[in-house]
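# Examining the three-dimensional arrangement
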Amino acid sequence: MQTLDELVRDLLDRWDGDEKHPGDGGPGLITRLDDLTLRTRQPRVAGGGAAPGSRPPASLDAVHWSTAIKAQARILDMELRASSHMQQWDRALRAIPPGAEAAGRVAEVASTVGGWHSVCRTVLGLQEPAREMRHVLCLVCEQRSIKTRPASEGERSRAWCTNPDCVDEDTGRPARYEGDRLSLLTENRAS
Ligand SMILES: [Zn+2]
C-alpha cells in the first residue's frame, strides 16, 4: 500500500504511484479531473492501468468527484487539526499527512485518502471499475458488501468489504481478500 505522503503527492503534484502500482509521472490526479484537455487526452499507462477500450470519463463525473474529494479533504484536515478554520483544498490536502501523524490516525487516514486516489483513477479511466460480488458474503461481517477488482498486469485479483462497520481482527479495518483468502471468500456463497 502506498504511504500517505505518496498518495497526497499523486493527487496533488505528480502521479508516480509506487513499485507495485506505477503511475505515469504525469500531472496529479485531481489536476486531471479538473482539466478537460488532460481528461480527454488519456495518457498511456505502463504496467496495469487502463483496460483497453476503457472510455474517457464523462465530464460531469470528473467535476462531481473533484468537488467531493476537495470538500472531504478540507473537512478531514479541520478534524485532524481540531480547528474550526477551513483551509483551501490544496493546503488542506497537503496538511493531511502531518495532521494524521500528530493525531495518531495514519492508517485510517491513509485508507480514506487511498479511496480518493482509487476513485480518481477509476473516473479517469486509469483503472477498471470495481465490480460487486453480490453472490458472496463477507467472511468477517457476513454482509453482501464485497467488491472486487480482477487481476491485471503485475497485480493479483483482490476483493474488499465495503461495509464501514466491518472490522477485521488483524487490521481493525474492513476485510480485504487476496490469494487463499480470496478463494475462501468465493466459496462463501449466500444461499
Ligand atoms: Zn465485511
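Provided above is the structure to which this section pertains.
Notes on the structure in this doc start here. Keep in mind it's a predicted model, so treat the numbers as computed, not measured. (Residues numbered from 1 in each chain as written. Predicted model: local features only at pLDDT ≥ 70, side-chain atom pairs only at ≥ 80, totals over all residues.)

Assignment of secondary structure puts Gly172 in the loop between strand E3 (158-161) and strand E4 (176-178). Along the chain, Gly172 and Ala107 lie 65 residues apart, while their C-alpha atoms are 9.9 Å from each other. (Helix = DSSP H or I, 4+ residues; strand = E, 2+ residues; numbered from the N terminus.)

Before going further, it helps to examine helix H6 (residues 106-123). Under the 1.5 Å per step criterion, the end-to-end length of H6 is 26 Å for 18 residues, consistent within 8% with the ideal 26 Å. Residues of H6 that are buried: Val109, Ala110, Val113, Trp116, His117, Cys120, Arg121 and Val123. A positive phi of about 75° marks Gly125, the residue just after H6. (Expected span 1.5 Å × (residues − 1). Buried ≥ 20, exposed ≤ 12 C-beta atoms within 10 Å, placed from the backbone.)

Our focus in this paragraph is the packing of helix H5 (residues 89-103) against H6. Here H5 crosses H6 at 150°, and the two axes come no closer than 8 Å. Taken together, the axis directions place H5 and H6 in an arrangement best described as roughly antiparallel. Seen from H5, the contacting residues are Ile96, Ala100 and Glu101; seen from H6, they are Val106, Val109 and Val113. Its residues assigned to classes, the contact of H5 with H6 comprises five nonpolar, no polar and one charged. (Axes fitted to C-alpha atoms, helices over the stretch in contact; angles between N-to-C directions. Parallel < 35°, antiparallel > 145°, perpendicular 65-115°, else oblique. Contact = placed C-beta atoms within 7 Å. Nonpolar A, V, L, I, M, F, W, Y, C, P; charged D, E, K, R; others polar.)

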